[in-house]
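Examining the three-dimensional arrangement
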Amino acid sequence: MMIRDAVPEDAAAACEVMRRSIAQLCVADHRNDPKILWRWLSNKTPAIFKSWIRPDNMLLVAVEGTRIVAVGCVTDVGEITLNYVSPDARFRGVSTAMLNALERRARECGIGRCKLSSTKTALRFYLARGYSQDDPADGNFGTNSAYPMSKELD
C-alpha cells in the first residue's frame, strides 16, 4: 500500500470509498436513517472532492495496486477532516497508516496539535492512537455522535 497526494483523477474512486465507508461502516452513527445519510453523503461527489485539492488542504489517498482503499485530509491548521477506509480494507492497518500520514503532514507544516471530530464508530480507534475527547458529542449531520478530539503531536 502507498499513500500519496490525491489528484483530480482520483475523485470518482475516492468518493466511492468514502460513501461505502459511511454507509456500511458507520451504521452506529447514521442508524440507517435516510435523512442523516443524505446529509452526510451529499458532499461526497467528484466535483466537491476536486475542490478539496488546494494548498490549505493535504488530501491523501491510500492505494493498493491501482485501487484506492482510503481517503484522508488534514488542513494547514491541523484539522483532520477526512479519514475513511474502504470496507474491503478494514482491520488491515490502512486507517492507522492514513492517520500516521496525516499527522506527519501536519508536523511538516509546523503544527503541534491535530484536532478532529470522530464518529461513534471511530471513537475507540482514535482513543487508542492517543487522541482525547475534548467536549461532549455534538450533532454533526444529525447523528448526535460527533466527538471533538485532539492530540499533541511529538
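As the structure is a computational prediction, the values presented were derived from the model and not from experiment. (Residues numbered from 1 in each chain as written. Predicted model: local features only at pLDDT ≥ 70, side-chain atom pairs only at ≥ 80, totals over all residues. Heavy atoms only, no water.)

Another aspect to go through is the side chain of Ser21. Mapped onto the secondary structure, Ser21 falls in helix α1 (residues 11-25). Look past the residues within four positions of Ser21 in its chain and what remains in contact with it is Cys26, Tyr84, Val85 and Pro87. (Helix = DSSP H or I, 4+ residues; strand = E, 2+ residues; numbered from the N terminus. Contact = heavy atoms within 4.5 Å.)

It is worth spelling out the state of the cysteines at this point. Taken as a whole, this structure holds zero disulfides when the rule is applied. Summary of cysteine pairing: Cys15 is not part of a disulfide, and the nearest cysteine sulfur, belonging to Cys73, is at 13 Å. With a relative accessible area of 3%, Cys15 lands in the buried category. Cysteine Cys73 remains unbridged, with the sulfur of Cys114 as its closest cysteine sulfur at 11 Å. (Disulfide = S-S within 2.5 Å. Buried < 20%, exposed > 50% of the residue type's maximum accessible area, 1.4 Å probe, protein only.)

With that settled, the discussion passes to the sheet that holds strand β7 (residues 147-152). Strand order in this open sheet of seven strands is β1-β2-β3-β4-β5-β7-β6, and the pairing throughout is mixed. Edge strands, defined here as strands with exactly one partner in the open sheet, are β1 (2-5) and β6 (132-133). Relative to β7, β6 runs antiparallel, the two being bridged by two bridges. Within the sheet, the bridge partner assigned to Gln133 lies in β7 and is Met149. (Pairing = 2+ DSSP bridges.)

What follows deals with the pairing of strand β5 (residues 113-118). Side chains Cys114, Leu116 and Ser118 project from β5 onto a buried face, and the interleaved Arg113, Lys115 and Ser117 project onto a face without burial. Note: strand β4 (residues 79-85) against β5, two bridges, orientation parallel. Looking across to β5, one finds that Glu79 is bridged to Lys115. With helix α5 (residues 94-108) bridging β4 and the parallel β5, this β-α-β connection has right-handed handedness. By the bridge criterion, six bridges tie β5 to β7 in an arrangement that is antiparallel. By the bridge assignment, Ser118 is partnered in β7 with Tyr147. (Right-handed = clockwise from strand over helix to strand, strands pointing away.)

Right, let's get into the nonpolar core. Ile80, Val94, Tyr126, Tyr131 and Met149 are the most contacted members of the largest nonpolar core, which has 27 residues in total. Secondary-structure elements contributing two or more residues to this core are β2 (57-64), β3 (67-75), β4, α5, β5, α6 (123-128) and β7. Ranked by residue count, the leading element in this core is α5, at six residues. Setting aside chain neighbours within four positions, we find Tyr131 in contact with Ile80, Leu99, Glu103, Cys114, Leu116, Tyr126, Met149, Ser150 and Lys151. In this structure, Cys26, Leu37, Val61 and Cys73 belong to the second largest nonpolar core, which totals 21 residues. (Core = buried A, V, L, I, M, F, W, Y, C linked by side-chain atoms within 4.5 Å.)

To locate leftover empty space, one rolls a probe as large as a water molecule over the atoms. Size it by volume and the largest pocket reaches roughly 1,000 Å³. Lining of the largest pocket is provided by 43 residues; of these, Asn83, Tyr84, Thr119, Ala122 and Tyr126 occupy positions nearest its centre. Taken together, the elements giving at least two residues each to the lining of the largest pocket come down to α1, β3, β4, α5, β5 and α6. In terms of residue count, the dominant contributor to the lining of the largest pocket is β4 (seven residues). When grouped by side-chain class, the residues that make up the lining of the largest pocket number 18 nonpolar, 16 polar and nine charged. (1 Å grid on protein atoms, 1.4 Å probe; cavity = no way out; pocket = protein on both sides within 12 Å on 5 of 7 lines; lining within 4 Å. Points joined across faces, edges and corners; volume = space filled by probe spheres on them. Nonpolar A, V, L, I, M, F, W, Y, C, P; charged D, E, K, R; others polar.)

For the rest of this paragraph, the subject is unusual backbone geometry. The phi torsion at Arg31 lies on the positive side, around 50°, for a residue other than glycine. Here Arg31 lies in the loop between α2 (27-30) and α3 (34-41). With relative accessibility at 47%, the residue Arg31 sits in the partly exposed group. Unlike most non-glycine residues, Phe91 shows phi in positive territory, near 65°. If you trace the backbone, Phe91 turns up in the loop between β4 and α5.

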